[in-house]
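# Summary of the model geometry
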Amino acid sequence: MTKSKNEVLQVGIDLGTSRSAISSSSGARHVVDSYVGWPVDMVARKVVKKAVLFGKEALDNRPMLDLHRPLERGLIKEGSQKDEEAVRELLGHLISLASAKEGQKVFAVVGVPAEALRVSKQHLRNAVSGLADSLMIVSEPFAVAYGMDSLLHTMIIDIGAGTTDFCVMNGRYPTDEDQRTLTNAGDSVDEHLATLLRNKMPDGRFSIYMVREWKEKGSFVGEPKQPVVVKVPVHGKPTELDITAEMRRACESLLGPISETMLDLVSRVEPEYQDDVRNNIILAGGGSQIPGLAEALEKTLGEMGGGRVRAVEDPVFAGSNGGLAIALDAPDTDWESLAG
Amino acid sequence: MPGKDRIKQQMIRDLVRDNLDTVRGTLPSGLRRRRRAVNGWLLGGLAATLVVAFSGAIGSTAARFAAPRRHFASEPAPPAAPALSAALPAPQKIDPSLFRLAIRKLVIDPGHGGGDPGAMTRQGLEEKAITLDVAERLRALLKDVPVTVVLTRTDDRSLSLERRVEIANAVNADLFLSIHINSMAVPDRVGIETFYLGGTRDPATARFARNENAGSGYSLADFKTLLEGVYVGVRQDESRRFAETLQAGYFRALREVNDRVQNRGVKTAPLVVLVGTRMPAILAEISCMSNADEARRLGTPAYRSALARALYSGIRRIIEPETSAEGLAASAAAPKGVS
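Each chain carries its own residue numbering, running from 1 in the direction its sequence is written. The naming scheme follows written order: chains are lettered A onward, ligands numbered 1 onward. Given that the model is predicted, a residue must reach a pLDDT of at least 70 before its local features are reported, and side-chain atom pairs must reach 80 or more before they are shown or counted; all residues, however, enter totals for whole chains, interfaces and linings.

As a further point, take unusual backbone geometry. Residue Lys49(A) is not a glycine yet carries a positive backbone phi of 60°. A run of DSSP states H or I qualifies as a helix once it reaches four residues; a run of E qualifies as a strand once it reaches two. Both are numbered from the N-terminal end. Mapped onto the fold, Lys49(A) is located in the loop between α1 (42–48) and β5 (53–54). By the C-beta count within 10 Å, which is 8 here, Lys49(A) ends up exposed. Here the phi dihedral of His112(B) falls at roughly 65°; this positive angle occurs in a residue that is not glycine. Mapping His112(B) onto the fold places it in the loop between β1 (105–110) and α5 (127–141). To assign burial, the other C-beta atoms lying within 10 Å of each residue's own C-beta are counted, with C-beta atoms placed from the backbone; 20 or more indicates buried, 12 or fewer indicates exposed, and intermediate counts indicate partly exposed. We classify His112(B) as buried; it has 24 C-beta atoms within 10 Å.

As C-alpha cells, this is what we get:
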C-alpha cells in the first residue's frame, strides 16, 4: 500500500565534493557549498553565534572555524571521525532545508561520487544513518541518468570537484564494469592553475579559494571568447593579471584523461550499440559547464566515427532531481526494508 | 512507456539489493556475480561452508550462494551439491577488531632494489634507495615499541615480489607494509596514498598495478589460485582498517612538515605483494618523486627522517590504538564488518 503524500517527504540529495543539493517532493530545492565548520574555541563560538556553520557562511568565517570539506577526491577524507561527522552534519542541514512537516517521514536517496560508493560505502552508510527514516545511497552518475530517463545506450560523464565519474547505462543497474572514476576533475584543475599562476607571478598572493572562484568565472577549453583577467594582490597592491593562457592550459588538462576513458568505455560497448552510445554522451556536474568542453570531446569522437556530447541543462540539481525521481519510484516495501 | 518502466523497476530492485548488501555487510552483488562466474557453484558452496564453520554466525544471505542462476545452453547444469549450501545458515563477515589481536611481528618491505631502481628523477635519485633508507629509519624508530621488525631487504639487491611474500609468510608476520614512492603524470602533485588488496576500475591504478606486478615470479596459474582465496577470510577487511589508520596517521604527521602533500586516500589495487601474503598487507606510496620540489626534499636525510617519523606515527596508531587518542578515533571511524 502506498503511503499518502502527506505521510512521507521524499528527498533526493546530491552529496558533492564541492556543492551539495537537495530536491524534495514538496518542491523545495536548495544548494549548499560542501563546507562544514565548527568554531575553534569559545571566542569564535561567541562571534559566529552558531555551533556549526555550512557552505559559504562557513567559508567566509574560516579563520575562526575548524573547517571541513568532507568529501575530498570523492571519498570521505582520511576516513576520520571528524569528516564522517561533517558528512552527517551536512546531510542533516540539507534535510532540514527540505522542511519536513511534523510527523512526516523522510525517505532519502543520497547520490555520492561513484568512488565514494565503491571504496567507503560502509563509512557513508554509518555517517548518514539515522538522519532519515529510510535511506538509499546511489552513485551520482546513475542518479543523473535515472533523472533524465537516459537508461539505455547512454554514457554519463559527471565532472565534479573531486572526481570525474563515467557510467555507461545499458538498461540495467550499473555494475563496476560499467563505471570508471578519474581524479582529474575540478580540484585538479584548481591545483594545476594555482601552480601555473605561482610560476607566472611568484610575488602574487592568492589562495586556492580565489583560484577556484577565478576558474568558475573564466574556465574554457579551446579558443577564448574573451581574455581572462583577474586581480591579484602583489606586495599588498591589487594587480591585474591576464591568466587566459594558464586558464586554458589548466582546463585542457582534463581533456586527455576524459577523452581516453570515454573512448575506452565506448569501445567496450556491444558493437551494435556503440553508435548509439557515442551519440548519447551527457556531461553532468559543475565541470560540464566549461565552455568548449563538449565540442572538444565531440572532436575526439570524430576519430571514431563521430558522436554527440551535450551538457545537462541544470547541472546544479541534475543529481538531486535524479535522486528524487528514484525516491518517488521506489515502492514502500523497498523503503521499509532499508528503514532504521 | 511500459518497457522503460520495467527497466526502472528492475534498476530500483537492484539498487535496493545493493544497499541491503551494505547494511548486512555482505559482498556487493556485482562482486558476487563475478565470483560466481569465475569460481562456479563449488567454490561458492565451499566458501559458504568454510566461513560458516569458522564463524558459527547465522544470517540471511546464504541463499545468494545457492540462488537460482541463469544457465546458458553451453554451460553444464550444476550438480545437485549446491542444495547443501542452500540449507546452510548464512555466512556473515567477521569483524576482525572484535578479536583485538596484537601486532607482534611487522614485515617492512622496501620497494624495488638491485636491478630494479623503481622511479627515478632526472638528478638520478632512485626509488629503491629512498625506500630502503626510510625503512631502516623506521625500524630504528620502532625499537621502543614491543614489536619485532623484519625487513625484506637490508641492502641494494634484486628481490622478486614472490620472494618478498615468502619472507613475510615464513616469519609469520602479523602485518606487512610495503614502502614505495609515487610518480605521477601531473608533475605538480605530491600525492600520498595507501593500497590494500582489491580490484580497480581506475586506469591509472591499473597501470600502476601492472608496473608494480612486473617480474613477480608468479605464474598466471599461481596468481589465479591466490586470488581465489582472498575474499574468503577477514584479511581484506583487516588490511583496509590498517590502511585507513596508517594513511590517516601518516598524512597528519607529514602535513606538519610539508603542507604541499595531498592525501589521495586509501585505495584498492590488485598488487601481487598484497595477494600472496597471508597476513593483512598494505602498500604505502609515501611521497612523490615526479614533483621537483618533493624530489629535492627526498634527497635530504632530514626529510627522509620526517617520512620515517610520519610512518612511525601511523604504525603506532595500528599497533597501540589504546594508547593513542588518534588511534582510538581512527578505530572508531573504521568500518565494521558486521552490520
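Anyway, onward from the coordinates.
This part takes up the sheet that holds strand β9 (residues 105–112) of chain A. Residues and elements named next belong to chain A. At least two bridges found by DSSP between two strands is the condition for calling them paired. Overall, mixed pairing links the five strands, which are arranged β3-β2-β1-β9-β10 in an open sheet. Across the chains shown, the open sheet's two edge strands, defined by having one partner strand only, are β3 (29–33) and β10 (134–139). In this sheet, adjacent strand axes meet at a mean angle of 15° when their direction is disregarded. Summarising the sheet, strand β1 (residues 8–15) and strand β2 (residues 19–24) pair through five bridges and their orientation is antiparallel. For leucine 15, the partnering residue across the bridge sits in β2 and is serine 20. Sheet strands touched by helix α13 (residues 318–329): β1, β2, β9 and β10. Its angle to β1, the strand with the most contacts, is close to 145°. As a rule, the C-alpha atoms of each element are fitted with a line to give its axis, helices using only the stretch in contact, and angles between N-to-C directions run from 0 to 180 degrees. Residues are treated as contacting if the C-beta atoms built from their backbones sit within 7 Å of each other.

So, on to helix α12 (residues 293–302) of chain A. All names here are of chain A. The complete set of buried residues in α12 reads Leu293, Ala294 and Leu297. What you see down the axis of α12 is that its buried residues fit within an arc of 95°, all on one side. Facing away from the buried surface of α12 by more than 90 degrees, the exposed residues are Glu295 and Gly302. Tucked inside the fold, the buried residues of α12 contact α10 (255–268), β16 (281–284) and β17 (309–311). Here, the arc refers to the directions that run from the helix axis to the C-beta atoms.

The strands making up a sheet associate through hydrogen bonds between their backbones, and the pairing can be parallel or antiparallel. All names here are of chain A. Reading across from one edge, β13-β12-β11-β16-β17 is the order of the five strands in this open sheet, with mixed pairing throughout. Of all strands in the sheet, those bounded by a partner on one side alone are β13 (179–182) and β17. In this sheet, neighbouring strand axes are inclined to one another by 20° on average, regardless of whether the strands run parallel or antiparallel. The pairing of strand β11 (residues 152–159) with strand β12 (residues 164–170) spans seven bridges and is classified as antiparallel. Of the residues in β12, the one forming a bridge with threonine 154 is methionine 169. Set on the sheet, α10 makes contact with β11, β12, β13 and β16; between it and β12 the angle comes to about 20°.

This next bit is on the confidence of the model for chain B. Residues and elements named next belong to chain B. Per-residue confidence for chain B averages 69 on the pLDDT scale, and 60% of its residues sit at or above 70. Values of pLDDT, which run from 0 to 100, indicate the predictor's confidence residue by residue. Confidence drops under pLDDT 50 across residues 229–233; counting only partners more than four residues distant or on other chains, this segment forms eight contacts. Segment residues 323–339 is flagged for pLDDT under 50; beyond a separation of four residues in sequence, or across chains, it makes 43 contacts in the model. Taken together, the chains of this predicted complex give a pTM of 0.56 and an interface ipTM of 0.84.

All names here are of chain B. At a minimum axis separation of 8 Å, α5 and helix α12 (residues 301–319) run at an interaxial angle of 55°. The pairing of α5 with α12 is recorded here as oblique in orientation. The chirality of how α5 crosses α12 is right-handed. Listed contacts from α12 to Ile130, Asp133, Val134, Arg137, Leu138 and Leu141 of α5 are Arg304, Ser305, Leu307, Ala308, Arg309, Leu311 and Tyr312. Residues were grouped as follows: Ala, Val, Leu, Ile, Met, Phe, Trp, Tyr, Cys and Pro as nonpolar; Asp, Glu, Lys and Arg as charged; and all remaining residues, including Gly, as polar. Taken together, the residues of the contact of α5 with α12 break down into eight nonpolar, one polar and four charged. In these notes the angle categories are as follows: under 35 degrees is roughly parallel, over 145 is roughly antiparallel, 65 to 115 is roughly perpendicular, and the rest is oblique. Here a crossing is taken to be left-handed if its near helix is turned anticlockwise relative to the far helix by less than a right angle, and right-handed if that turn runs clockwise.

Moving on: the nonpolar core. The biggest cluster of nonpolar side chains holds 96 residues, and the ones touching the most others in it are Ala108(A), Val110(A), Leu283(A) and Ile326(A). It is helix α3 (residues 81–97) of chain A that contributes the most residues to this core, six residues altogether. Note on terminology: a nonpolar core is any set of buried Ala, Val, Leu, Ile, Met, Phe, Trp, Tyr and Cys residues joined through C-beta atoms within 7 Å. Phe176(B), Leu177(B), Ala243(B) and Ala310(B) belong to the second-largest nonpolar core, a separate cluster that totals 62 residues.

What follows covers helix α8 (residues 208–218) of chain A. All names here are of chain A. Among all positions of α8, only Val211, Trp214, Lys215 and Gly218 are buried. One face of α8 carries all of its buried residues, which in axial projection span an arc of 100°. Opposite its buried face, α8 presents the exposed residues Tyr209 and Lys217, each directed more than 90 degrees away. At its buried positions, α8 is contacted by α7 (186–200), β14 (229–234) and α9 (244–252).

A separate point is the pairing of β3(A). Here five bridges tie β2(A) to β3(A), and the two strands are oriented antiparallel to one another. Residue pairing for β3(A): Ser20(A) is matched across the bridge by Val32(A).

Attention shifts here to the environment of Lys200(A). All names here are of chain A. When you line up the elements, lysine 200 lands in helix α7. On the basis of neighbour counts, which here come to 14 C-beta atoms within 10 Å, the residue lysine 200 falls in the partly exposed class. Put simply, lysine 200 and leucine 241 are 41 residues apart on the chain and 9.7 Å apart in space, counted from C-alpha to C-alpha.

So, on to the environment of Glu303(A). Residues and elements named next belong to chain A. Looking at the element boundaries, glutamate 303 is found in the loop between α12 and β17. Note on glutamate 303: 9 C-beta atoms within 10 Å, which makes it exposed. Through-space distance from the C-alpha of glutamate 303 to that of leucine 263 is 9.7 Å; in sequence the pair is 40 residues apart.

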